[in-house]
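Overview (structure and organization)
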Amino acid sequence: MRGVKISVLLLLIVIPISINANCINKTQSIDISLNWSFETDEYIVSSPVMIDINGDDQFEILIGSTDDYLHCLDNIGNELWSFQTNGDVRSTPAVWDINKDGTEEILFGSDDNYLYCLDRMGNLLWSFKTNDNVFVSPTIADIDLDGDYEVLFGSVDTYFYCLTATGSLVWKFKTGDWIYSSPAVADLQGDYKLEIIFGSDDNKIYCLNSQGKELWSYDTWRNVRSSPAIADINNDDLLEIVIGSENGKIICLDQSGNKLWQYATGDWIVSSPAIGDLENDGFLDIVIGSYDYKIYCIKDDGTLKWSYTTNEKIASSPSLADLNNDGSLEVLIGSGDNNLYCLNEKGELTWFFATDDYIHSTPLVVDVNNDDLLEIFIGSTDNDFYCFSLNGIVESGSNSWYSFRGTMLHTGWMDSDNNLIDDLTESYLTSPNYPYLKDDFPSFNLTISPVIFIGIVVSVLLMKKRKKN
């Protein structure tokens, strides 16, 4: 039976379930408590995202399950609504106000071949049918910067799709095999339109323009089920693309699809990279898992910074957050050994939590109840969805890569200013020239770190980081 496990709640009333951190030189040591768990009828490989469904500055949580449902929970684990599909929900939802009605929409795929768009109360707005399963997580972006959002995703039917905010097909692009990789977006050509980058089981990493035409592809010689991340990782004012492949390599490409470097792990990579400045030293790091049981942290030049060995294959992707506000980022990631791991910026174990089956899901790390402390959410193939809180911490810091694909829009970009919106989306939403028509180009440059303006559009205000009164 689905629902919050009452035994957990009763234990919380009597005494917190605590996990003590290892001794690490931190300003504040990190302990966690299991707040609650929610049981679905089948296993969970989808990753959680958040949404404020009633505008009360308290986030609700969305999680898919192979019980065919997308579940919406409040921040104490009660189910508010669920939406039933006709297949497993492995896709991670993307959340944004795509139709500009003042409330967020929810987009996700299902094994019943459909991409669904729901309103915030779980009512169906529209659906789009492909010819096979939709495992991937959709990306939301305004790829032509005309003021209207597009929805981007691939299917096992080998096609990559671009839809309007109302679910109409704009274009589709055929690859040579299944698509499990979720897309990233960026202005790689400097033409003030966004390119789309994703992988396919035909062994290739593709780059399409905003009209769905192939600009370039890179052949890895094995399936590409990892999803790309994008940043100026080496401070050269140019964007780089980082992605894993089942050839066992972490690959870094330039804007034209040329290989800058690669780092070889010992097995397949299906985990997707997270990018952040772990040590707050001004240099970005890349964190990713591998089937060789290891979590890797790679420097901006492609050399190894550190690795940490778990006891099984890693399909989960990392999230990055400063849990105890000491200026450095912790790494949170699951493993096939059933454990959720928290490592410090040096790759040392801070704590781990054992579930009853393997973890494919990526952690969500957000402040759901507006108390300046981050909560941690993760699903497991033991059918349970878990919520953890921090103990002995006065205030948390940045959560610059807080979910699968970085943020709720799944663009593959970090959130540098910690307001829950990725840097790319914020750069064009905050431009005084957005949206633009014809040759009325914006004055900002999407190929470098964006300048954040004080005045921002209503969409940004709805999702900005909330401060306590």
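Residues numbered from 1 in each chain as written. Predicted model: local features only at pLDDT ≥ 70, side-chain atom pairs only at ≥ 80, totals over all residues. Heavy atoms only, no water.

As for the overall build of the chain
Looking only at helices and strands, the chain has three helices and 34 strands in total. Within the chain, the proportion of its 469 residues that are buried is 64%. Taking contacts inside the chain between residues at least 6 apart in sequence as the whole, the part at least 24 apart equals 50%. Roughly 16500 Å² of accessible area belongs to the chain as shown, and the carbon and sulfur atoms make up 47% of that amount. (Helix = DSSP H or I, 4+ residues; strand = E, 2+ residues; numbered from the N terminus. Buried < 20%, exposed > 50% of the residue type's maximum accessible area, 1.4 Å probe, protein only. Contact = heavy atoms within 4.5 Å. Areas by Shrake-Rupley, 256 points an atom, 1.4 Å probe, with all protein chains shown as cover.)

A look at unusual backbone geometry
With the exception of glycine, the majority of residues adopt a negative phi angle, and the majority of peptide bonds are in the trans configuration. The omega angle of the peptide bond from Y434 to P435 is -5°, so this bond is cis rather than trans. Tracing the sequence through the fold places P435 in the loop between α2 (423–429) and α3 (458–463). Phi is positive for N113, close to 85°, though the residue is something other than glycine. For N113, the location among the structural elements is in the loop between β9 (105–109) and β10 (114–118). With a phi close to 85°, N338 is a non-glycine residue in the positive phi region. The residue N338 is located in the loop between β29 (330–334) and β30 (339–343) in this model.

With respect to the sheet that holds strand β27 (residues 304–309)
Hydrogen bonds along the backbone pair up the strands of a sheet, which may run parallel or antiparallel. Strand order in this open sheet of four strands is β24-β25-β26-β27, and the pairing throughout is antiparallel. Among the strands making up the open sheet, the edge pair consists of β24 (274–276) and β27. Ignoring strand direction, the axes of neighbouring strands in this sheet form an average angle of 20°. (Pairing = 2+ DSSP bridges. Axes fitted to C-alpha atoms, helices over the stretch in contact; angles between N-to-C directions.)

Thoughts on the pattern of salt bridges
Across all of its chains, the model carries seven salt bridges by this definition. Residue D148 is joined to K100 by a salt bridge in which the shortest nitrogen-to-oxygen separation is 3.1 Å. Here the residue D148 occupies a position in the loop between β12 (139–141) and β13 (150–154), and K100 occupies one in the loop between β8 (94–96) and β9, the gap between them amounting to 48 residues. A relative accessible area of 47% places K100 in the partly exposed class. Across the pair K305 and D285 runs a salt bridge, and its minimum N-O distance is 3.0 Å. (Salt bridge = Lys/Arg side-chain N within 4 Å of Asp/Glu carboxyl O.)

Here we look at the layout of surface pockets
Rolled over the atoms, a probe as big as a water molecule pinpoints where empty space is left. Space inside the largest pocket adds up to approximately 690 Å³. Along its surface, the largest pocket is lined by 32 residues, and V45, Y180, V270, A315 and H360 are the ones closest to its centre. Per-class residue counts for the lining of the largest pocket are 13 nonpolar, 15 polar and four charged. (1 Å grid on protein atoms, 1.4 Å probe; cavity = no way out; pocket = protein on both sides within 12 Å on 5 of 7 lines; lining within 4 Å. Points joined across faces, edges and corners; volume = space filled by probe spheres on them. Nonpolar A, V, L, I, M, F, W, Y, C, P; charged D, E, K, R; others polar.)

A look at the pairing of strand β14 (residues 159–164)
Of the strand pairs in this sheet, β13 and β14 are connected by five bridges, and their pairing is antiparallel. Counterpart to E150 in the pairing with β14 is T164. Here five bridges tie β14 to strand β15 (residues 169–174), and the two strands are oriented antiparallel to one another. Within the sheet, the bridge partner assigned to F160 lies in β15 and is F173. Taking the residues between adjacent antiparallel strands as the criterion, β14 and β15 are bridged by four residues, where G167 takes a positive phi near 90°.

All quantities given are derived from atomic positions and should not be read as evidence of function.
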